[in-house]
Amino acid sequence: MKCKDNLILFVASITYAFIISVVAKPVARLISDNPSWILNLSFIVTTYFLVILPIYLIGTNNRFANFFGLHQEIEYTEVKKEETQNNRKEDSRKSKYVKLLMCFFALQASYLTWGILQEKIMTTDYVKFDGTKEKFRDSQFIVFINRVLAFTLSGIILFFQGKLNDRTPLYQYSFCSVSNILSSWFQYEALKYISFPIQVVAKSCKVIPVMVVSTAVSKKSYKKSDYFLALIISLGMIAFLNGVPSQSDVSTATTISGVILLISYLGADSFTSSWQSQLFTTYKQSEIQMMFGVNTMSVLLTTVSLFLTDGFMYSFSFMERHPIFILDCTLTAIASASGQFAIFYTIAEFGPMIFALLMTLRQGLSVLLSCIIYNHVIEPPHHSML
């Protein structure tokens, strides 16, 4: 009887996906001709929902979850939790400082490189052989490339470690996967409306959102002094933003769309790290298992969405016209994948708050490098704000 029910569910899911793809294709073509990022975002989120819904229904049904190997054993969680706590108690304070320093340098190296390449891909013109110029405009494809490499590397590592059997329900990864994809999409899209230095400095304000979301998701509490320090940092960054001169080019001018995208990024990114921290606490998976689980869902979601929106066709055509774009995508993916290793390790060891602070420290260097490489201008009175 169970096999029959699972067969019916499988056939229904395939039929459902086929019908949606047939209906979605014409809609996607209409949206692709419309420059509004709101319509594109709405369609992307809709396609993600279509993928997550059947996975969630399967994962929350014990009978189907057992059949697909998605059921979480309570005994496993408790034993693993006790073992992990005992192991972490053995870590000396000196060892913690060394790990924190390693996380800091790993995050700086990875994301400084990633940030520079990100700005190049989304803001600079790619020149054809005949001299004509064009910009790449499909942000979701860049996210897809980054997640594919991270998925592949983490999968290879887990295969050789013999730890591919992660007992965390797959649908649990879907929540932070969606927020992670959207946070990347928001910041790529924001570069079409604001300059990279403004975006980077605005991201320095995410300490407060991380504290708020962590309190809501993980029930964590912070001291008043922590909130005060975060507020001071954020006010300094806001003052700096007000001092960055606007430019005549629409693609780099600070607009309402750019502000909305930045705020959306802060919310999505804060939820991602907080939810991942909660998963580490609940299921005690390794950092590589977390990386593999999140990127499995991310690759699945972006693949379906890009297929329905003809994003693959546009992106591969762009690669054919601009071979250098392939190299930029590859380097961006390498930087992103290496950065993910550092992210998951940092969150697992120190939590989302410390991770947010470490990422905040890199913003100054990112702005400096961007100004040097891409000739952005920051007025002298605002150097102190930075």
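What this report covers is the structure whose coordinates are included nearby. Source: prediction; values computed, not measured.

### Some details on the overall build of the protein
Thought 1: For the protein, the count of helices and strands is 15 helices and two strands.
Thought 2: In the structure as shown, the protein presents an accessible area of about 19000 Å², 68% of it carried by carbon and sulfur atoms.

### Some remarks on the pattern of salt bridges
Thought 1: Per the stated rule, a full pass over the model turns up six salt bridges.
Thought 2: Across the pair D328 and K120 runs a salt bridge whose closest N-O atoms are separated by 3.1 Å. One end of the pair, D328, is in helix α14 (residues 324–361); the other, K120, is in helix α5 (residues 93–123), with 208 residues separating them in the sequence.
Thought 3: Note that E134 and R321 form a salt bridge whose closest N and O atoms lie 2.7 Å from each other. Of this pair, E134 sits in strand β2 (residues 133–134) while R321 sits in helix α13 (residues 311–321), and the two are 187 residues apart along the sequence.
Thought 4: According to the relative accessible area criterion, R321 is partly exposed, its value standing at 25%.
Thought 5: Bridged by salt links that share partners, the residues K96, K99 and E349 form one connected network.

### Quick word on unusual backbone geometry
Thought 1: Even without a glycine there, the phi angle at K284 is positive, about 55°.
Thought 2: When you line up the elements, K284 lands in the loop between α11 (256–283) and α12 (287–308).

### So, the side chain of E134
Thought 1: Taking relative accessible area as the criterion, E134 reaches 19% and is therefore assigned buried.
Thought 2: Engagement of the side chain of E134 in a polar contact is seen with the side chain of H322, the distance being 2.8 Å.
Thought 3: Among residues more than four places away in sequence, those in contact with E134 are T124, D125, Y126, K128, F318, R321 and H322.

### A look at empty space enclosed by the protein
Thought 1: Evaluation of the coordinates by the stated rule reveals one cavity of 30 Å³ or more.
Thought 2: Quantified by volume, the largest cavity comes out at close to 350 Å³.
Thought 3: Y111, N180, S184, D269 and I343 are the residues nearest the centre of the largest cavity, which is lined by 26 residues in total.
Thought 4: Elements represented by at least two residues in the lining of the largest cavity include exactly α5, α6 (139–161), α7 (170–190), α11 and α14.

### Some words on the environment of M359
Thought 1: For M359, the position within the fold is in helix α14.
Thought 2: For M359, the contacting residues outside a window of four places in its chain are L107, Y111 and K206.

### Re α11
Thought 1: Under the 1.5 Å per step criterion, the end-to-end length of α11 is 40 Å for 28 residues, consistent within 8% with the ideal 40 Å.
Thought 2: Immediately downstream of α11, the backbone of K284 shows phi near 55°, a positive value.

### A word on the packing of α6 against α14
Thought 1: One way to put it is that α6 packs onto α14 with a least axis distance of 8 Å and a crossing angle of 50°. As judged from the angle between their axes, α6 and α14 are oblique. Here α6 and α14 pass one another in a crossing that is right-handed. For the pair α6 and α14, the contacting residues are F141, I142, I145, N146, R147, L149, A150, L153 and I157 in the first and F325, C329, T332, A333, I334, S336, A337, Q340 and F341 in the second.
Thought 2: Per-class residue counts for the contact of α6 with α14 are 13 nonpolar, four polar and one charged.

Parameters at a glance
Residues numbered from 1 in each chain as written. Predicted model: local features only at pLDDT ≥ 70, side-chain atom pairs only at ≥ 80, totals over all residues. Heavy atoms only, no water. Helix = DSSP H or I, 4+ residues; strand = E, 2+ residues; numbered from the N terminus. Areas by Shrake-Rupley, 256 points an atom, 1.4 Å probe, with all protein chains shown as cover. Salt bridge = Lys/Arg side-chain N within 4 Å of Asp/Glu carboxyl O. Buried < 20%, exposed > 50% of the residue type's maximum accessible area, 1.4 Å probe, protein only. Polar contact = N/O pair within 3.5 Å; in protein donor to acceptor, adjacent residues only side chain to side chain. Contact = heavy atoms within 4.5 Å. 1 Å grid on protein atoms, 1.4 Å probe; cavity = no way out; pocket = protein on both sides within 12 Å on 5 of 7 lines; lining within 4 Å. Points joined across faces, edges and corners; volume = space filled by probe spheres on them. Expected span 1.5 Å × (residues − 1). Axes fitted to C-alpha atoms, helices over the stretch in contact; angles between N-to-C directions. Parallel < 35°, antiparallel > 145°, perpendicular 65-115°, else oblique. Left-handed = near helix turned anticlockwise from the far one by under 90°. Nonpolar A, V, L, I, M, F, W, Y, C, P; charged D, E, K, R; others polar.

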